[in-house]
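Survey of secondary and tertiary structure
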Amino acid sequence: MLIKKTVDPDRRPDLLDMMLGEGPGGEEPLDDTSLLNNFCTLFLAGHDTTATTLSMALNLLALNPAAQDKAREEAKAVVGEKKSPSFEDQKQMPYITNVIKETMRMYPPVMVMPPRELTKDVEVKGKVLKKGTLVTIPSYTLQHDRELWKDPFKFLPERHEERHHPYAWQSFGAGQRVCLGNNFSLQEQRVFLSTLLLRYKLHPGPQTHSKQQQDSGRNFDIGIPTFMLPSNVFVRFEKISS
């Protein structure tokens, strides 16, 4: 094993400690390849995706001052003079949660879900997909489908107060393989946005694409494997005097 770590017996074990140790059933520790694969997944799925969503959320709030003001007022009412919201506070942030969901609808961090192999023949709208076929879900296309979303290129957080098809929003996937970190990601983003909005006003940077260009989806690139990468996103911060 090339990956080693000195464990302090007086410190609570972290994730790497647990991954280097035996499994809960006495299984062998993960080998180097499995460790690297797991940590690449953790960084990509648990860090880059949330960072991308927050970047796009700040951009959208800067371009939509009315939505920004509404989110700030909610943060003021819930957080008040505290440094950051508690877990219980977050339950009282429906609008900020909808800002996050709308951002992820418009700019899903993973634009195409990882493919799955069919274990049997499946018929979809009269077309038979054979066993062994690789099937994927294009999240970006689905979440901009005009049959599912009215004005799909417009930033409308309020739309998430309405009931939609249960699979129309696929930013975290769905079903048995839904993202394990979906709730954690939403918590991170609520804390970040509410804390930041209480301290700063957001304005479009001088190099930011126009709202019309952004409505046409011209402010991102596509990375590998189909991860969204913010592009031409510039936000100016104005500190709010206390």
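Owing to the predicted nature of the structure, the values given are computational and were not obtained by experimental measurement.

Moving on, we come to the overall build of the chain. Each helix and strand in the chain was counted, giving eight helices and eight strands. By the burial criterion, 36% of the 242 residues in the chain qualify as buried. Partitioning the intrachain contacts of the chain with sequence separation of at least 6 by distance along the chain shows that 67% fall at a separation of at least 24. Summed over its atoms, the accessible surface of the chain is roughly 15,200 Å², and 56% of this surface lies on carbon and sulfur atoms.

A few words now on the pattern of salt bridges. Should their charged atoms come close, side chains of opposite charge can pair. Enumeration according to the criterion identifies seven salt bridges in this entry. Between E158 and K70 there is a salt bridge, and its shortest N-O distance comes to 3.9 Å. Taken as a pair, E158 in the loop between α6 (139-142) and α7 (182-197) and K70 in helix α3 (residues 65-79) lie far apart in primary sequence, 88 residues in all. Accessibility expressed as a relative area gives 39% for K70, which makes it partly exposed. For E102, the salt bridge identified is with R105, shortest N-O distance 2.8 Å. Taken as a pair, E102 and R105 lie in helix α5 (residues 94-106) at a separation of three residues, close to a single helical turn. Here the two residues E102 and R105 agree in accessibility, since each one is buried.

The next subject is the side chain of R190. Looking at where R190 falls in the secondary structure, it is placed in helix α7. One buried charge, R190, has no salt-bridge partner; the nearest side chain with opposite charge is E74, at 8.4 Å. A polar atom in the side chain of R190 sits 2.9 Å from the side chain of Q90. Apart from residues no more than four positions distant in its own chain, R190 is found in contact with Q90, M93, I96, T97 and I100.

This part takes up the nonpolar core. Counting residues in hydrophobic clusters, the biggest one holds 34 residues, and the most contacted among them are L61, I96, I100, Y107, F155, L193 and L202. Elements with a minimum of two residues in this core: α2 (32-63), α3, α5 and α7. A total of seven residues in this core trace back to one element, the largest contributor, which is α2. Residues within four places of L193 in sequence aside, it is in contact with L54, A57, L58, L61, I96 and I100.

What follows deals with the packing of aromatic side chains. Counting across every chain of the model gives two aromatic pairs. Between W169 and F172, the aromatic rings sit 5.8 Å apart at their centres with planes inclined by 70°, giving edge-to-face as the arrangement. Taken as a pair, W169 and F172 share a single burial class, namely buried. Here the aromatic rings of Y200 and F237 are separated by 5.8 Å at their centres, their planes lie at 85°, and the arrangement is edge-to-face. Highlighted residues: Y200 in strand β5 (residues 200-204) and F237 in strand β8 (residues 235-239), separated in sequence by 37 residues. For Y200, a relative accessible area of 29% translates into the label partly exposed. Taking the ring centre of W149 as reference, the NZ or CZ of R105 above it sits at 5.4 Å.

Bringing unusual backbone geometry into the picture now. Even without being glycine, K125 reaches a positive phi, approximately 50°. Of the residues examined, K125 reaches a relative accessible area of 86% and is grouped as exposed. Despite not being glycine, D151 shows a phi value in the positive range, around 45°. Here D151 is to be found in the loop between α6 and α7. For D151, a relative accessible area of 34% puts it in the partly exposed group.

Calculation rules
- Residues numbered from 1 in each chain as written.
- Predicted model: local features only at pLDDT ≥ 70, side-chain atom pairs only at ≥ 80, totals over all residues.
- Heavy atoms only, no water.
- Helix = DSSP H or I, 4+ residues; strand = E, 2+ residues; numbered from the N terminus.
- Buried < 20%, exposed > 50% of the residue type's maximum accessible area, 1.4 Å probe, protein only.
- Contact = heavy atoms within 4.5 Å.
- Areas by Shrake-Rupley, 256 points an atom, 1.4 Å probe, with all protein chains shown as cover.
- Salt bridge = Lys/Arg side-chain N within 4 Å of Asp/Glu carboxyl O.
- Lys, Arg positive; Asp, Glu negative; His and termini not counted.
- Polar contact = N/O pair within 3.5 Å; in protein donor to acceptor, adjacent residues only side chain to side chain.
- Core = buried A, V, L, I, M, F, W, Y, C linked by side-chain atoms within 4.5 Å.
- Phe/Tyr/Trp six-rings, centres within 6.5 Å; stacked < 30°, edge-to-face > 60°.
- Lys NZ or Arg CZ within 6 Å of the ring centre and 35° of its normal.

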